[in-house]
Amino acid sequence: QVQLVESGGGLVQAGGSLRLSCAESGRTFSRYATAWFRQAPGKEREFVAGITWSRGNLLYADSVKGRFTISSDNAKNTVYLQMNALKPEDTAVYYCAVSGGGRGSYSRARDYDYWGQGTKVTVSS
């Protein structure tokens, strides 16, 4: 089994920054991509950002482009999400997920095999 543990969430004022971390542990897993998703109350889970491990390709949702940056540390099996210029509409529970690939995409929730428990981000206006 693969375990993903997110950390770094919290309460921040609009315009502020947070850095989320996603640490992977457990059995050896051939990762294709790791991504961040978020889910606000009453809304569906949505893709935020993703990174492929072999080529380092990056993908962002339009709503976060230019404000959020996803990065990885292979040695630590950790993926980060640097979030700047936060807005109240960024308020959500943020989840990281890892995909073994083979689905032709890495921006959909169904592309992912393992999920973390989530970390809450609240942005006050």
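Quick note: structure is the one above.
All of the points below concern the structure found in this document. (Residues numbered from 1 in each chain as written. Predicted model: local features only at pLDDT ≥ 70, side-chain atom pairs only at ≥ 80, totals over all residues. Heavy atoms only, no water.)

### Examining the state of the cysteines
Within this structure, the stated rule accounts for one disulfide. Here Cys22 is linked by a disulfide to Cys96, with a sulfur-sulfur distance of 2.0 Å. Here Cys22 and Cys96 share a disulfide; its torsion about the S-S bond, 60 degrees, makes the bridge right-handed. Linking Cys22 in strand E3 (residues 18–26) with Cys96 in strand E9 (residues 92–99), this pair joins segments that are 74 residues apart in sequence. The exposure classification of Cys22 matches that of Cys96, with both residues buried. (Disulfide = S-S within 2.5 Å. Helix = DSSP H or I, 4+ residues; strand = E, 2+ residues; numbered from the N terminus. Buried < 20%, exposed > 50% of the residue type's maximum accessible area, 1.4 Å probe, protein only.)

### Describing the pattern of salt bridges
Here the structure, examined in full by the defined rule, presents seven salt bridges. One salt bridge connects Glu24 with Arg31, and the closest N-O pair in it is separated by 3.2 Å. Linking Arg103 and Asp113 is a salt bridge whose minimum nitrogen-to-oxygen distance equals 2.6 Å. A residue pair is termed long-range when its members are at least 10 positions apart, and Arg103 in the loop between E9 and strand E10 (114–115) and Asp113 in the loop between E9 and E10 qualify at ten residues. Using a relative accessible area of 34% as the deciding quantity, one classes Arg103 as partly exposed. The network of salt bridges with common partners includes Arg38, Glu46, Arg67 and Asp90. (Salt bridge = Lys/Arg side-chain N within 4 Å of Asp/Glu carboxyl O.)

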